[in-house]
Amino acid sequence: MNRYRQEVRDAHVLIQRWLSDADADDAVCDALLARFSPTFSMVTPQGVLLDFDALRTFFQAQRGARPGLHIAIAEARVLTEHAHGATVFYREWQQLPGQPAIPRFSTAVLTCDDAGHILWQHLHETAQPLA
């Protein structure tokens with residue numbers, strides 16, 4: 001699998017673990033936040049613009065806040081790839097037990113640092129209407 005598509009999947013495994021497990025070790029959040037550039041920006045499905053500090057504050061406050069959360073990623077495809085990163089489009093579903101899955105379209109701009117580590121530079125999520 002393309003390393004950028006794999007990064008999208010791997011990051012969401014950590015997000016799911018952190019948000020669903022009240023006993024998750026602090027190292028999970030540290031590993032998650034290390035994936036994001038200090039200049040990260042995000043447009044949420046509600047149209048709110050977040051920076052890295054807001055993302056960090058959000059994650060630090062959300063350990064285990066969504067017990068049983070399941071996140072599924074599908075249709076991940078690389079839209080562009082170059083020497084220093086890629087743009088990846090994917091569909092995401094978040095579902096809590098006993099509730100309908102919440103679908104969204106996401107586009108992530110991923111960059112590579114000097115050591116070749118992938119960093120999330122920008123993420124734009126758009127909610128899909130529920131059927």
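So, here's what we can say about the structure. (Residues numbered from 1 in each chain as written. Predicted model: local features only at pLDDT ≥ 70, side-chain atom pairs only at ≥ 80, totals over all residues. Heavy atoms only, no water.)

Describing the packing of helix 2 (residues 26-33) against helix 3 (residues 52-61)
To keep things clear, this is the line we draw: Axes here refer to lines fitted to C-alpha atoms; in helices the fit is confined to the stretch in contact. Angles between the N-to-C directions go from 0 to 180 degrees. Per the convention used, a helix needs a DSSP run of H or I reaching at least four residues, while a strand needs a run of E reaching at least two, with both numbered from the N terminus. The labels follow the angle: roughly parallel below 35 degrees, roughly antiparallel above 145, roughly perpendicular from 65 to 115, and oblique for the rest. Two helices crossing with the near one rotated counterclockwise from the far one by less than a right angle form a left-handed crossing, whereas a clockwise rotation gives a right-handed crossing. We call two residues in contact when some of their heavy atoms are within 4.5 Å. When residue character is reported, Ala, Val, Leu, Ile, Met, Phe, Trp, Tyr, Cys and Pro are called nonpolar, Asp, Glu, Lys and Arg charged, and the others, Gly included, polar.
Put simply, helix 2 and helix 3 touch, their axes get as near as 11 Å, and they point 160° apart. By the angle class used here, helix 2 and helix 3 are roughly antiparallel. Where helix 2 crosses over helix 3, the two elements pack in a sense that is right-handed. Packed against helix 2, whose contacting residues are Cys29, Leu32 and Leu33, the element helix 3 presents Phe52, Arg56, Phe59 and Gln60 at the interface. Residues that form the contact of helix 2 with helix 3 fall into these classes: 5 nonpolar, 1 polar and 1 charged.

Here's the deal with the sheet that holds strand 1 (residues 36-43)
Stated precisely, the cut-off is as follows: Paired strands, as defined in this entry, are two strands with at least two bridges between them according to DSSP.
In spatial order, the strands read 2-1-6-5-4-3; together these 6 strands make up an open sheet with mixed pairing. Each having just a single partner strand, strand 2 (49-51) and strand 3 (70-82) make up the two edges of the open sheet. Strand-to-strand twist across the sheet, computed as the mean angle between neighbouring axes with direction ignored, equals 15°. The sheet contact formed by strand 1 and strand 2 spans 3 bridges and is antiparallel. Looking across to strand 2, one finds that Met42 is bridged to Leu50. Lying over the sheet, helix 1 (residues 3-20) contacts strand 3, strand 4 (85-95), strand 5 (102-112) and strand 6 (118-127), oriented at roughly 150° with respect to strand 3.

What about the pairing of strand 4?
Condition: Residue burial is assigned from relative accessible area. The probe radius is 1.4 Å, only protein chains are included, and a residue is buried under 20% of its type maximum, exposed over 50%, and partly exposed in between.
Within strand 4, 9 of the 11 residues are buried, which leaves the element mostly enclosed by the surrounding structure. Looking at chain direction, strand 3 and strand 4 are connected through 10 bridges and run antiparallel. In the strand pairing of strand 4, Ala74 is matched with Arg91. Between the end of strand 3 and the start of strand 4, which pair antiparallel, lie 2 residues. Bridging between strand 4 and strand 5 involves 10 bridges; their strand directions are antiparallel.

Side note on helix 3
Selection rule: The arc in question is the one traced by the directions running from the helix axis out to the C-beta atoms. Residues adjacent in sequence count toward polar contacts only when both atoms are side-chain atoms; beyond that, a polar contact is any pair of N or O atoms within 3.5 Å, and within protein one must be able to donate a hydrogen and the other to accept it.
Listing the buried residues of helix 3 in full gives Phe52, Leu55 and Phe59. An end-on view of helix 3 places all buried positions within 60° of arc, on one side of the element. In this structure, helix 3 carries Thr57, Gln60 and Ala61 as exposed residues pointing more than 90 degrees from its buried face. Where helix 3 begins, one side-chain oxygen reaches toward the backbone nitrogen of Asp53, 3.2 Å away; that side chain belongs to Asp51.

Describing the side chain of Thr44
Note that Thr44 resides in the loop between strand 1 and strand 2. On the basis of relative accessibility, which here comes to 10%, the residue Thr44 falls in the buried class. Apart from residues lying up to four places away in sequence, Thr44 is in contact with Leu50 and Glu125.

Brief notes about unusual backbone geometry
Keep in mind that most residues, glycine aside, have a negative phi and that most peptide bonds are trans. One non-glycine residue, Glu75, lies in the positive phi region at around 55°. By the element assignment, Glu75 lies in strand 3. Its relative accessible area of 44% is what places Glu75 among the partly exposed residues.

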